[in-house]
Amino acid sequence: KVKMKPEKPLTFATIEEGDHKLLVFALPGNPVSSFVTFNLIVIPALRKLSGWTSPHSTRLQVRTGGPIEMDPKRPEYHRAALSWSKPGQFSVLENPSPSDSENAVLIAHSTGNQRSSRLLSLRNAQALLEIPQGSGIVPAGTLLSAILISPSL
């Protein structure tokens, strides 16, 4: 069992027949849970099997654009849209100039309701924020790790 949100149910198995080995990934039935676990587990496995030396998706540091509630039972991969901002501000820089880009910080904005059945939370998502397990709220402006998600392997 994997301790993460969203994740249930997730199964991995290998089937061996003679010289052949078949890897089986059984993903959750809810579309968002399936998408998240595919990005976190299946894509890195496929990349590794394809010979990639760094199979994991890009991780970067971002600031939260608003407060995010933590789950007391497990860490969460929270869907988020990304934008550039000046340090200390949360206003979006639409077309940052080269001088703005040098000092800009990446802000992660929640895509809204994070229920595993809510497809709209994926529509503008560019990253999965790694929200630690805990009680309370992650305040706006907190530095967190985010995993970039993309449509390609």
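The model shown is predicted, which means the values in this text are computed figures rather than measured ones. (Residues numbered from 1 in each chain as written. Predicted model: local features only at pLDDT ≥ 70, side-chain atom pairs only at ≥ 80, totals over all residues. Heavy atoms only, no water.)

**Student:** What am I meant to see in the nonpolar core here?
**Tutor:** Side chains of nonpolar character tend, in soluble globular proteins, to be buried together. Membership of the largest hydrophobic core comes to 13 residues, with the highest contact counts inside it found for Val62, Leu82, Ala108, Leu129, Ile131 and Val138. Here the element with the most residues in this core is strand 7 (residues 127–131); it accounts for 3 residues. When residues no more than four places from it in sequence are discounted, the contact partners of leucine 82 are Val62, Leu106, Ile107, Ala108, Gln126, Ala127 and Leu148. If you look at the next biggest cluster of nonpolar residues, it comprises 10 residues, including Val32, Leu40, Leu122 and Ala125. (Core = buried A, V, L, I, M, F, W, Y, C linked by side-chain atoms within 4.5 Å. Buried < 20%, exposed > 50% of the residue type's maximum accessible area, 1.4 Å probe, protein only. Helix = DSSP H or I, 4+ residues; strand = E, 2+ residues; numbered from the N terminus. Contact = heavy atoms within 4.5 Å.)

**Student:** Could you clarify how one ought to interpret the environment of phenylalanine 25 in this entry?
**Tutor:** On the secondary structure map, phenylalanine 25 appears in strand 2 (residues 20–26). Taking the C-alpha atoms as reference, phenylalanine 25 lies 9.1 Å from isoleucine 41; in sequence the two are 16 residues apart. Residues contacting phenylalanine 25, with those up to four places away along its chain left out, are Thr11, Phe12, Ile41, Val42 and Ala45.

**Student:** Any chance you could explain the packing of aromatic side chains here in plain terms?
**Tutor:** How two aromatic rings sit relative to each other is given by the distance of their centres and the angle of their planes. Inspection of every chain in the model, using the stated rule, returns 1 aromatic pair. With a centroid separation of 4.9 Å and an interplanar angle of 50 degrees, the aromatic rings of phenylalanine 12 and phenylalanine 25 are classed as tilted. Of this pair, phenylalanine 12 sits in strand 1 (residues 11–17) while phenylalanine 25 sits in strand 2; the two residues are 13 residues apart in sequence, bridging distant segments of the chain. Accessibility expressed as a relative area gives 49% for phenylalanine 12, which makes it partly exposed. (Phe/Tyr/Trp six-rings, centres within 6.5 Å; stacked < 30°, edge-to-face > 60°.)

**Student:** Before we go on, may I ask you to explain the sheet that holds strand 5 (residues 76–85) in this structure?
**Tutor:** Strands in a sheet are paired, the pairing made by backbone hydrogen bonds, and the direction either parallel or antiparallel. The mixed closed barrel is built from 5 strands, whose spatial order is 3-6-5-7-9. Neighbour-to-neighbour, the strand axes of this sheet turn through a mean angle of 55 degrees, independent of strand direction. Bridging between strand 7 and strand 9 (residues 143–148) involves 3 bridges; their strand directions are antiparallel. Within the sheet, the bridge partner assigned to leucine 129 lies in strand 9 and is alanine 146. Strand contacts of helix 1 (residues 31–49): strand 5, strand 7 and strand 9, with the helix running at about 75 degrees to strand 5, the strand carrying the most contacts. (Pairing = 2+ DSSP bridges. Axes fitted to C-alpha atoms, helices over the stretch in contact; angles between N-to-C directions.)

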